[in-house]
Amino acid sequence: MIDFELSPEEQAILEQAHEDAVKLYRPIARYYDEHEHESPDEFIDTMWAKRGEGALFGLGVTAALRIEETCWGDAGLMLVSPGPGLGGAAVMATGTADQHKRFLTRFNEGEPKWGAMAMTEPSCGSDTAAIQTTAVQDGNEWVLNGEKIFVTWGKRAVEQAGIVIVWATVDKSAGRAGMKSFVVECGTPGMKVEKLEHKLGIKASDTATVVFEDCRIPFENILGSPEVRKLDKTKTEGFKKAMATFDATRPIVAAMALGVGRAALDFVKETLEKDGIEIRYGLPRNKLTSIERDVMDMEANYKAAKMLMMRATWMMSQLLPNSIESSMAKAKAGLAVTKITQKAVELMGPLGYSRKYLLEKWMRDGKINDLFEGTGQINMLVVARRVLGFSRDQLK
Ligand SMILES: Cc1cc2nc3c(=O)[nH]c(=O)nc-3n(C[C@H](O)[C@H](O)[C@H](O)COP(=O)(O)OP(=O)(O)OC[C@H]3O[C@@H](n4cnc5c(N)ncnc54)[C@H](O)[C@@H]3O)c2cc1C
C-alpha cells in the first residue's frame, strides 16, 4: 500500500529544508540571477557542510519533497548545490554494487562534490540514439572523443570536484545497442569545458559545453556491460540503461518544477490575502469570481502533479518499474509549472512583470522543467506508447 504520511523525522527534515529555503536561498536568488556565471562560493560551502542533514543524498519521497522545498527557495541555486545530482542518479540506476561504492559513497567523504550527466550533443537531444561521441577500447582503457552540450553542473564537475557520466557509442553500426555510459572523473586529461551558456532562467546553474579529446579512462568506468547486445526486437541493453536513468531523474525534475510552481502560487495567494481578496473554497463554480477559479485551477494542477511525482518517486524507492509513472509526473509537472507561473504573472499584472519581485524570475526558471530530462512532448510520447502498447517505431 502506498502511504505518503511523513514520520516526525521526515517532517523535521522538510521543516529544516524550508527554513534553509527562506534564509539561505531566497535572500541571494536575485543577485545570482543578475550575475550569471558568478560563483556562490559561500552558499556552496554552507550547503556542503549541511550534507549530513540529508540535504543532498538519497532517493525516495522525502528526498524529492526536500528538493521541492529547496526549489521553492531557488531552483538555480539548488542546481549548484553539491551532491550526486543527475550523474549520481545515473550511477545509482545503472552501476554495479562495486561502482556504487566507488563513485557514490565517496560523495559522503568529501569528493567528488558534483555529479553531472552528459547525454545531449549538437545533433542529439530528444533522439538520444543519435549519439556521435565515441568510446573505443584500447587495452585496459576507454578513449572518449566527442562534444556534449548543455551539461548541468558541467563546469563544477569537470573543473572543481566531480564526476561526469558520459553517454557514448562503442559501435555506431549497432545503433542503440552500442550506447553505453562511462564515468569520467574531474581532472582527467582530455576532458575540458569549452564554454558556459547564457540562459533564460536558472542562471545560477552552470550549464556547460564539455569536449572530450582522446580522453582516457579506466576500463572499469563503463556502467553496465561492455558487450553490444540486442535484448529483443525493440530494446537494447545500452538504450535500456539510458531509459532506466531517466526513470530515476524525471521524478526529481518533477519535484523541482513543483517547488517553483508553489513559490508562484504562494505569492499570488499572499498578495490576494493582503488585498482582502478571499478564495471561497466549496462554492459551486458558477458562483466563483474569475480570480477564484484561476487560483483553484492552479492549485488543482499543482496537487495533481504532486501526486504523480510522489507515486513515481515512491515506486523508484521500492525498486518497482516506474517508466510510465516517471514520464507522467515529469510531463504533468513541467506543464503545471509553466501554466502556474504564467498565470501568476498575469494575475499580478505589473507586480508580476517587475524585477522587484521574484515572480517574473520563477516564470523564467520554471520553464526548464518542461525541457530537460526529456521535453514535455517526448514524455507524453513515452506515456502514449506505453498506454497504447506501441513500439518506438510504431509511434514516433
Ligand atoms: C538549461 C539546460 C540544462 C540542460 N542540462 C542537461 C544535462 O545536464 N545533460 C544533458 O544531457 N542534457 C541537458 N540538457 C539538454 C536537454 O535535455 C535537451 O535540450 C532536450 O532533451 C531537448 O533536446 P534538443 O535540445 O535536441 O531538442 P530537440 O530534440 O531538437 O527538440 C526540439 C523540439 O521538438 C520537439 N520534438 C522532438 N522530437 C519530437 C517528437 N518525436 N514528437 C514531438 N515533438 C518532438 C521537442 O519536444 C522540442 O519541443 C539541458 C538543456 C537545458 C536548456
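Note that the structure is predicted; figures quoted are calculated from it, not measured. (Residues numbered from 1 in each chain as written. Predicted model: local features only at pLDDT ≥ 70, side-chain atom pairs only at ≥ 80, totals over all residues.)

Q: Sorry, what's going on with the overall build of the protein chain here?
A: Secondary structure summary: the protein chain contains 14 helices and 8 strands in total. Relative to the globule expectation of 21 Å for 396 residues, the C-alpha radius of gyration of the protein chain, 21 Å, shows essentially globular dimensions. Its C-alpha atoms put the protein chain at 75 × 50 × 40 Å along the principal axes. Per-residue burial over the protein chain gives 47% buried out of 396 residues. Counted over contacts in the protein chain with a minimum sequence separation of 6, partners at least 24 positions apart contribute 76%. (Helix = DSSP H or I, 4+ residues; strand = E, 2+ residues; numbered from the N terminus. Rg over C-alpha atoms; globule rule 2.2 N^0.38 Å. Buried ≥ 20, exposed ≤ 12 C-beta atoms within 10 Å, placed from the backbone. Contact = placed C-beta atoms within 7 Å.)

Q: I tried to follow the site of the ligand on my own but got confused; where do I start?
A: M119, G125, S126, T152 and T375 are the nearest of the 21 residues found near the ligand. When contributions to the shell around the ligand are tallied by element, the ones reaching two or more residues are β1 (114–118), β3 (141–152) and α14 (376–388). Two domains each put at least three residues into the shell around the ligand: domain 2 (112–223) and domain 3 (237–388). (Near = placed C-beta within 6 Å. Domains from an automatic or database assignment.)

Q: Mind showing me how you'd approach the pairing of strand β2 (residues 134–138) here?
A: Looking along a regular strand, one sees side chains alternate from face to face of the sheet. Of the strand pairs in this sheet, β2 and β3 are connected by 5 bridges, and their pairing is antiparallel. Residue pairing in the sheet places Q137 in a bridge with W142 of β3. Turn length for the β2-β3 hairpin, with the two strands adjacent in sequence and antiparallel, is 2 residues, and the turn residue G139 shows positive phi of about 65 degrees. (Pairing = 2+ DSSP bridges.)

Q: Teacher, can you tell me more about unusual backbone geometry here?
A: For residues other than glycine, phi is negative in most cases, and the peptide bonds are mostly trans. One non-glycine residue, W153, lies in the positive phi region at around 65 degrees. By the secondary structure assignment, W153 is in the loop between β3 and α8 (154–161). On the basis of neighbour count, W153 is assigned to the buried category, with 30 C-beta atoms found within 10 Å.

Q: Looking at this structure, how should I read the nonpolar core?
A: A general feature of soluble globular proteins is that nonpolar side chains tend to end up buried together. The biggest cluster of nonpolar side chains holds 101 residues, and the ones touching the most others in it are A118, V164, V166, F182, M256, A264 and M309. In terms of residue count, helix α9 (residues 237–274) provides more of this core than any other element does, 16 residues in total. What M256 contacts, discounting residues up to four positions off in sequence, is I67, C71, A75, M78 and N369. (Core = buried A, V, L, I, M, F, W, Y, C linked by C-beta atoms within 7 Å.)

Q: Please clarify how helix α5 (residues 85–94) should be interpreted in this entry.
A: Every α-helix winds through 3.6 residues per turn, so residues three or four apart in the chain are directed the same way. Counting buried positions along α5 yields 10 of 10 residues, so the element is predominantly enclosed. All of the buried residues along α5 are G85, L86, G87, G88, A89, A90, V91, M92, A93 and T94.

Q: Hey, could you run me through the environment of F219 in this one?
A: Locating F219 in the fold gives a position in the loop between β7 (207–218) and β8 (222–223). Judged by the 13 C-beta atoms lying within 10 Å of it, F219 falls in the partly exposed class. Each C-alpha atom of the pair F219 and I163 lies 16 Å from the other, and the pair is 56 residues apart in sequence. Ignoring sequence-local partners within four residues, the contact set of F219 consists of N140, E141 and W142.

Q: Help me understand the domain arrangement of the protein chain in this model?
A: For an interface, size is often stated in terms of accessible area lost upon the parts coming together. According to the domain assignment, the protein chain contains domain 1 (8–87), domain 2 (112–223) and domain 3 (237–388). Look at where the C-alpha atoms of domain 1 and domain 3 centre, and you get two points 19 Å apart. Contact residues are listed per partner, giving 17 residues for domain 1 and 20 residues for domain 3. Elements that contribute at least two residues to the side of domain 1 that touches domain 3 include exactly α1 (8–34), α3 (61–73) and α4 (75–78). By residue number, the principal contributor to the side of domain 1 that touches domain 3 is α3, which donates 8 residues. Tallied by class, residues from the side of domain 1 that touches domain 3 come to 10 nonpolar, 3 polar and 4 charged. (Nonpolar A, V, L, I, M, F, W, Y, C, P; charged D, E, K, R; others polar.)

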